[in-house]
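The chain contents come next:
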Amino acid sequence: VDDVSFNLEAHEVLGLLGPNGSGKSTILRVLTGYLRPTSGSVRISGIDVSKDSLAARREVGYVPEDVPLYTTMEVDEFLRFMGSIKGLYGAALTAAVDSAVERLSLQSVRRLAIAKLSRGFRQRVAIAQALLGAPTLLVLDEPTNGLDPRQIIEIREMIGDLAKTHTVLVTSHILGEIEKVAQRVAILLGGK
């Protein structure tokens, strides 16, 4: 990417729109601390991602396009595991998992193996793990990709609800999808 600059306001849903290969994933990798920018800076909640990557990562809940879920684990087991990785334990871990399960309507599947879930429920589990640790920024990479029409509507509504307590960055290559969820759009083409 080259000379990309944007700001997100608190509780805003910003859509990052661009065709495949435009640089969306590169931007997300820089935001989440997986890639270091060769120039410029990235700040999340005032924290420079390059200078204090771990602190910046605590401010981000990330759901990649192809979510790596441990399909042999039960939903509750997976969320507890992910919460412990994020430094939660004891009563704080239980409260965070219960809150994520409630918020993503996972009560009916929390004791099921992830392998037995529909794609829509798997996406909800992925978003639930991103909520653990109360991040400021949620990054959702193509969150409706591969979902059926009903699941797409549910995820869109969920994104609106999440913006009440988080700032949300959503990517897509489909203009109609971004129009339905985002308040503002940043268009990326050829890395610019």
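Up top is the structure these notes are about.
Residues numbered from 1 in each chain as written. Predicted model: local features only at pLDDT ≥ 70, side-chain atom pairs only at ≥ 80, totals over all residues. Heavy atoms only, no water.

Regarding the packing of aromatic side chains
Okay, so step 1: This model, assessed by the stated rule, comprises 3 aromatic pairs.
Okay, so step 2: Each ring, one from Y70 and one from F81, has its centre 5.8 Å from the other, and the planes form 80°; the classification is edge-to-face. Within this pair, whereas Y70 is found in the loop between β4 (60–63) and α3 (75–85), its partner F81 is found in helix α3, the two being separated by 11 residues in sequence.
Okay, so step 3: Exposure remark for Y70: the relative accessible area of 45% places this residue in the partly exposed category.
Okay, so step 4: On the basis of relative accessibility, which here comes to 32%, the residue F81 falls in the partly exposed class.
Okay, so step 5: Taken together, Y70, F78 and F81 form an aromatic cluster joined through their ring pairs.
Okay, so step 6: Sitting above the plane of the Y34 ring, R57 keeps its charged end 5.3 Å from the centroid. (Phe/Tyr/Trp six-rings, centres within 6.5 Å; stacked < 30°, edge-to-face > 60°. Helix = DSSP H or I, 4+ residues; strand = E, 2+ residues; numbered from the N terminus. Buried < 20%, exposed > 50% of the residue type's maximum accessible area, 1.4 Å probe, protein only. Lys NZ or Arg CZ within 6 Å of the ring centre and 35° of its normal.)

Quick word on the packing of α3 against helix α5 (residues 119–131)
Okay, so step 1: Here α3 crosses α5 at 30°, and the two axes come no closer than 9 Å. What the angle tells us is that α3 and α5 run roughly parallel. The two elements α3 and α5 cross, and the hand of that crossing is right-handed. Two secondary-structure elements touch here, α3 through V75, F78, L79 and M82 and α5 through V125, A128 and Q129.
Okay, so step 2: Residue composition of the contact of α3 with α5, by class: 6 nonpolar, 1 polar and no charged. (Axes fitted to C-alpha atoms, helices over the stretch in contact; angles between N-to-C directions. Parallel < 35°, antiparallel > 145°, perpendicular 65-115°, else oblique. Left-handed = near helix turned anticlockwise from the far one by under 90°. Contact = heavy atoms within 4.5 Å. Nonpolar A, V, L, I, M, F, W, Y, C, P; charged D, E, K, R; others polar.)

Remarks on helix α1 (residues 24–31)
Okay, so step 1: Restricting attention to buried positions, one finds in α1 the residues K24, I27, L28, V30 and L31. Axial view of α1: buried residues confined to an arc of 160°, hence all on one face.
Okay, so step 2: Each element contacted by the buried residues of α1 is listed here: β1 (13–17), β2 (43–44), β4, β5 (137–141) and β6 (167–172).
Okay, so step 3: G33 occupies a position one or two residues after α1 and carries a positive phi of about 85°. (Arc of directions from axis to C-beta.)

Regarding the pairing of β5
Okay, so step 1: Of all the 5 residues making up β5, 5 are buried; the element is thus mostly covered by neighbouring parts of the structure.
Okay, so step 2: With 4 bridges connecting them, β4 and β5 associate as parallel partners. Bridge pairing in β5 links Y62 to V139.
Okay, so step 3: Pairing of β5 with β6, which is carried by 5 bridges, proceeds in the parallel orientation. Considered in β6, the bridge of L140 is made with V170.
Okay, so step 4: Between the parallel elements β5 and β6, the chain passes through helix α6 (residues 149–162) in a crossover that is right-handed. (Pairing = 2+ DSSP bridges. Right-handed = clockwise from strand over helix to strand, strands pointing away.)

Focus: unusual backbone geometry
Okay, so step 1: One non-glycine residue, S45, lies in positive phi territory at about 55°.
Okay, so step 2: Examined against the element boundaries, S45 turns out to sit in the loop between β2 and β3 (47–48).
Okay, so step 3: Given a relative accessible area of 47%, S45 falls into the partly exposed group.
Okay, so step 4: Its identity is not glycine, yet S105 carries a phi of approximately 55°, on the positive side.
Okay, so step 5: Tracing the backbone through its elements, the reader meets S105 in the loop between α4 (90–103) and α5.
Okay, so step 6: S105 gets classed as partly exposed once you look at its relative accessible area, which sits at 39%.

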